[in-house]
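Here are the chains, one letter per residue:
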Amino acid sequence: MPSLQRKAIMDRALYFWKSTLPWSTRLKGVLCSPTRFLWVALMLLTVLCVAVQILGVTRQSRNEVLKEFANDKLFSMRFTIAFQNTLTTTQRATERQQSNHVPLIQYIQHLNQGTTLRRERHNQQSAKRTRNIPHLEVQPQRGRALSVRVPNGTPPPRRHVSKATKEQRQPGLRSQVLLARKSPSVALTALHLPSTADAGFAAVKPAAIAAVKPAAIAAVNPTAIVTVDRGTTSCRPKTHIVFLKTHKTASSTILNILYRYGDSRNLTFALPSNRHSQLFYPLYFAAHFVEGFRSKAVKEYDIMCNHMRFMPSEVKKVMPEDTFYFSILRNPVPMMESIFTYYKGIPAFHKARTLDDFLNNAWQSYNKSQSNNHYGKNLLTFDFGFNNTAIDIERQTNLSISMIEQNFHLILMSEYFDESMILLKTALCWSLDDVVSFKLNSRSNRTRHELSPETMEKIKEWNALDWRIYLHFNTTFWRMVEETVGLENMRLEVARLQERRKQLMKTCVREGGAVDPSQVKDSALKPFQYGAAVIQGYNLNPGLDNATKKHCQDLITPELQYTAALYNKQFPELAAKLGSSKKQPVLKKTMAWEARRTSERERQSLLGSPRNQARSAYQNALSNRTAANRLQNVP
Ligand SMILES: Nc1ncnc2c1ncn2[C@@H]1O[C@H](COP(=O)(O)OS(=O)(=O)O)[C@@H](OP(=O)(O)O)[C@H]1O
């Protein structure tokens with residue numbers, strides 16, 4: 001290119017460069033131009049895009065790190081934490097006194113979840129660790145009665161107390177019942193079994209107590225109730241009580257004892273809301289199931305005792321910290337026979353003609369997801385809040401026992417009902433009259449069935465969790481008897497209790513005992529009839545003075561009627577509202593429906609007598625369902 005031409009091009013470029021507007025002027029131009037919004041939008045969009053990109057990259061890299069962490073560490077950490085919570089509750093009993101709620105929810109949820117091998121291994125290790133924890137309060141010693149002297153003004157170690165209770169604030173020596181920590185592993189061979197457990201399940205005679213060999217009891221190292229020397233000061237009756245009402249364990253009779261005690265002293269019951277008779281069983285208990293809890297209408301509850309599926313952290317939200325927790329177990333063999341008759345309508349039992357039929361097929365056909373089938377397997381385990389269909393029996397048993405011992409002060413035995421009442425009155429500092437009762441909710445002999453030894457074995461296998469828990473607490477029960485009341489003293493106390501019951505029965509009851517529902521004259525006193533069972537009731541003697549009549553009537557009032565009466569007493573306004581707007585408290589519809597589905601043919605075969613006798617028994621039972629019964633929930 002000629003140099004002149006090249007110079008001309010350069011001059012033109014220089015001119016163009018010099019003649020263009022400065023940046024600020026150009027920017028001004030852009031911002032003031034009609035398309036300025038477009039430019040601003042484009043700019044913002046660009047910034048946004050860049051920001052999203054940066055965020056994406058950061059997140060991705062963080063996820064990578066977390067995934068790696070979760071794979072390697074988090075899984076085992078979760079269970080370590082869960083078990084550390086358990087260990088902490090055990091180990092740091094003193095610290096727990098400052099805390100209202102033991103962190104048990106995760107633990108129980110964990111127990112109820114399905115298991116993997118990895119979890120199993122970890123759990124076994126943790127269970128072992130739990131077993132090895134020394135107890136902080138009292139170390140039970142073999143063959144020696146335990147006593148702890150509490151000096152003046154020093155609060156004794158307690159399980160659920162964070163602040164000094166009324167009792168503790170009182171100077172002087174007091175009576176306390178403390179739960180000594182024990183090993184959940186049970187020497188099954190050394191257990192004292194009820195002599196009648198496998199042979200007809202008759203009530204145990206007091207003589208059986210004397211037959212208990214202290215050596216057999218001392219061979220295990222179970223939970224022990226430890227009485228604290230009370231010196232000259234008499235103990236103060238406990239009025240803060242939780243009774244976990246298990247099913248078919250004589251729990252309605254205990255409920256009646258608690259109802260009468262609380263009713264006569266105007267104590268406040270933590271009753272189910274909306275005039276239900278149960279605390280929304282089989283759901284896990286939640287604090288808001290209790291009437292007056294959410295609305296804060298009740299300041300303090302004294303007694304909680306209706307059917308529930310136990311959830312300790314929620315119960316503790318409702319009940320005071322110095323609450324006494326107790327429950328009752330029954331030999332799973334006779335218990336299963338009772339359950340099969342009473343809950344004949346549940347899907348698991350529906351097709352089985354007999355209990356043997358059910359047990360022969362249960363391992364293949366039992367469907368745990370069908371509603372109400374929990375009644376058919378390890379019902380005690382279920383009621384205490386654990387997984388009733390767990391596969392690892394050993395592990396689940398150990399954990400259940402451990403948890404029960406951490407949460408309950410006393411576990412009673414249905415087979416030793418009278419002995420249980422003496423233990424209870426000792427633990428609660430009640431009088432003998434406070435624990436006298438008549439047997440409630442018992443079946444007519446017509447609806448009982450003898451079990452063969454083979455069937456008994458099948459039941460133990462099918463309910464292996466309940467069976468082991470029962471064996472364990474049967475042992476601890478006798479250990480408690482020995483260490484708190486003493487065997488000889490127990491025999492005397494039981495005799496006094498039985499004598500008192502006999503007197504009362506003579507005063508109160510017309511036929512001298514329970515009769516079939518068809519013969520109960522006062523419909524308000526007829527017990528609820530359910531499934532294929534014929535539940536007996538009582539008739540009052542005529543001509544009783546008002547005070548005696550009231551006392552006698554309370555003794556024989558069935559659960560549903562008494563619960564409704566207490567609700568009406570505690571919540572008159574709500575009861576009035578429910579009475580007018582909702583005549584029927586919410587029925588457990590599924591259960592009622594399933595009960596109806598049980599065919600008459602099955603009922604007849606269950607009643608076990610000739611066809612016409614069975615039919616008339618069934619018709620009697622049906623015709624005796626009172627209006628009150630129809631309105632209430634299934635117990
Ligand atoms: N005092 C005493 N001693 C021993 N056994 C007793 C006592 N009171 C009730 N029972 C028997 O307990 C069975 C009823 O249990 P529940 O009241 O817990 O049943 S329910 O879950 O509330 O429906 C029921 O058992 P079955 O008769 O075998 O069904 C009652 O007979």
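Residues numbered from 1 in each chain as written. Predicted model: local features only at pLDDT ≥ 70, side-chain atom pairs only at ≥ 80, totals over all residues. Heavy atoms only, no water.

1. Observations concerning the sheet that holds strand S5 (residues 303-304)
Pairing in this open sheet of four strands is parallel, and the strands run S5-S4-S6-S7 from one edge to the other. Each edge of the open sheet carries a strand with a single partner, namely S5 and strand S7 (410-413). Of the pairings in the sheet, the one linking strand S6 (residues 324-329) to S7 comprises four bridges and is parallel in character. Note on S7: the bridge partner recorded for Phe326 is Leu410. (Pairing = 2+ DSSP bridges. Helix = DSSP H or I, 4+ residues; strand = E, 2+ residues; numbered from the N terminus.)

2. Focus: the UniProt feature "transmembrane region" (unreviewed entry) in the protein chain
The feature "transmembrane region" (unreviewed entry), as annotated in UniProt, sits at residues 37-57 in this numbering. The span residues 37-57 shows a helical share of 100% and a strand share of 0%, and its end C-alpha atoms are spaced 30 Å apart. (UniProt positions renumbered as here; feature names shortened; annotations may be inferred.)

3. Observations concerning the state of the cysteines
In the structure shown here, the tally under the stated rule is two disulfides. Across the disulfide, Cys508 is cross-linked to Cys552 (sulfur-sulfur distance 2.0 Å). Negative torsions about the S-S bond denote left-handed disulfides, and the value of about -65 degrees found for Cys508 with Cys552 makes this one left-handed. In this pair, Cys508 sits in helix H20 (residues 487-508) while Cys552 sits in helix H21 (residues 546-556), placing the two residues 44 residues apart along the sequence. Here Cys508 and Cys552 have matching classes, each one buried. Taking only the cysteines that form disulfides and numbering them from first to last, the protein chain has the pattern 1-2, 3-4. (Disulfide = S-S within 2.5 Å. Buried < 20%, exposed > 50% of the residue type's maximum accessible area, 1.4 Å probe, protein only.)

4. Some remarks on the packing of helix H10 (residues 251-264) against H21
For the pair H10 and H21, interaxial distance at closest approach is 9 Å and the crossing angle is 145 degrees. Listed contacts from H21 to Asn256, Arg260 and Asp263 of H10 are Lys550, His551, Asp554 and Leu555. Residue composition of the contact of H10 with H21, grouped by class: one nonpolar, two polar and four charged. (Axes fitted to C-alpha atoms, helices over the stretch in contact; angles between N-to-C directions. Contact = heavy atoms within 4.5 Å. Nonpolar A, V, L, I, M, F, W, Y, C, P; charged D, E, K, R; others polar.)

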